Amino acid sequence: MMQARFLALGLISATLAACASPAEEYPSLAIRDSERLTGSMAAAEPQPYIPPPPSASALDQVEQLAATARAAHAAFLAAAPAARRLAGTAGAGRVGSEAWALAQVAIADLETRRSLTMIALADLDRIYVDTSSAGEAIAPVAQIQTQIAAMVEQENAIIAELLAATRN
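Below is a short write-up of the structure.

Criteria and cut-off values
- Residues numbered from 1 in each chain as written.
- Predicted model: local features only at pLDDT ≥ 70, side-chain atom pairs only at ≥ 80, totals over all residues.
- Heavy atoms only, no water.
- Helix = DSSP H or I, 4+ residues; strand = E, 2+ residues; numbered from the N terminus.
- Buried < 20%, exposed > 50% of the residue type's maximum accessible area, 1.4 Å probe, protein only.
- Contact = heavy atoms within 4.5 Å.
- Areas by Shrake-Rupley, 256 points an atom, 1.4 Å probe, with all protein chains shown as cover.
- Expected span 1.5 Å × (residues − 1).
- Axes fitted to C-alpha atoms, helices over the stretch in contact; angles between N-to-C directions.
- Parallel < 35°, antiparallel > 145°, perpendicular 65-115°, else oblique.
- Left-handed = near helix turned anticlockwise from the far one by under 90°.
- Nonpolar A, V, L, I, M, F, W, Y, C, P; charged D, E, K, R; others polar.
- Core = buried A, V, L, I, M, F, W, Y, C linked by side-chain atoms within 4.5 Å.
- Salt bridge = Lys/Arg side-chain N within 4 Å of Asp/Glu carboxyl O.

1. A few points about the overall build of the protein chain
Regarding its fold elements, the protein chain presents four helices and zero strands. Moving toward the C terminus, one meets the helices and strands of the protein chain in the order α-α-α-α. A total of 168 residues make up the protein chain; the buried ones form 23% of that total. For the protein chain, long-range pairs separated by at least 24 residues make up 80% of all intrachain contacts whose partners lie at least 6 apart in sequence. Total accessible area on the protein chain stands at roughly 11600 Å², and carbon and sulfur atoms take up 63% of it.

Spelled out as structure tokens, the structure:
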């Protein structure tokens, strides 16, 4: 039993001796020069982002689509008076009459012409998204896109007016 006590005492003293070492071997916990705050914490002036212009090919496509939409819109507006006359005649008749059928055909023709303008607008929307995703300036595309969208809205209003006239 005595031997067990000496053995335990020897293990404890060996463990404590391993933990004790001279203080000079450990680094200081004081703040080092490299850890001291120097300089200023002021934020840098933000630089405004000026996007590059869209590519020449994109601008060419925009101009071609604008020309296509303008031509389709002009054709729509040229066909609208005849459709308006037929819709006015159909409104006095009844649904299913010959005047009503002629008005429906004229309105369908206008809807076909409107679809050409809408296709150009959809392609402009795609170019707008591609230009924006590339980080390029969207203003040149957006300006034409707004003009073509206004044309489609005008065409929608005319078609809605004519359809309402044929229901009377």
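On we go.
2. Things to note about helix H4 (residues 139-166)
What sets the pattern is the α-helix's 3.6 residues per turn: residues three or four places apart point alike. In this model H4 runs 41 Å from its N-terminal to its C-terminal C-alpha over 28 residues, within 8% of the 40 Å that 1.5 Å per residue would give. Of the positions making up H4, those classed as buried are Val-141, Ile-144, Gln-145, Ile-148, Met-151, Val-152, Glu-155, Ile-158, Ile-159, Leu-162 and Thr-166.

3. Looking at the packing of helix H3 (residues 98-133) against H4
Running from N to C, H3 and H4 point in directions that differ by 160°, and their axes come no closer than 9 Å. With respect to H4, the axis of H3 lies roughly antiparallel. The two elements H3 and H4 meet at a crossing, and its hand is left-handed. When the residues that make up the contact of H3 with H4 are grouped by side-chain class, the tally is 19 nonpolar, six polar and four charged.

4. Overview of the environment of Arg-113
Note that Arg-113 resides in helix H3. Sequence separation of Arg-113 and Ala-74 is 39 residues, and the distance between their C-alpha atoms is 9.5 Å. The residues contacting Arg-113, other than those within four sequence positions of it, are Ala-72, Ala-75, Phe-76 and Ala-79.

5. A word on the nonpolar core
Core analysis: the largest hydrophobic core is formed by 14 residues, its most contacted members being Val-62, Leu-65, Leu-124, Ile-127, Ile-144 and Ile-148. Put simply, the parts of the chain that give this core at least two residues each are helix H2 (56-92), H3 and H4. Here Ile-144 is in contact with Val-62, Glu-63, Ala-66, Arg-70 and Leu-124, once residues within four sequence places are set aside. Ala-83, Ala-106, Leu-110 and Leu-162 belong to the second largest nonpolar core, which has eleven residues in total.

6. Side note on H3
Under the 1.5 Å per step criterion, the end-to-end length of H3 is 52 Å for 36 residues, consistent within 8% with the ideal 52 Å. Considered for burial, the residues of H3 that qualify are Ala-103, Ala-106, Ile-107, Leu-110, Arg-114, Thr-117, Ala-120, Leu-121, Leu-124, Ile-127 and Thr-131. Of the residues flanking the end of H3, it is Gly-135, one or two places downstream, whose phi is positive at about 80°.

7. Remarks on the side chain of Thr-117
Among the secondary structure elements, Thr-117 is positioned in helix H3. The contacts of Thr-117, once residues within four sequence positions are left out, are Ala-69, Ala-72, His-73, Ile-148, Met-151, Val-152 and Glu-155.

8. Some details on the pattern of salt bridges
All chains considered together, the criterion is met by three salt bridges. Here Asp-109 ties to Arg-113 by a salt bridge, and the two come within 2.9 Å at their closest N and O atoms. Placement of the pair is Asp-109 and Arg-113 together in helix H3, with a separation of four residues, close to one helical turn. Arg-126 is paired through a salt bridge with Asp-130; the nearest N and O atoms lie 3.7 Å apart. Placement of the pair is Arg-126 and Asp-130 together in helix H3, with a separation of four residues, close to one helical turn.

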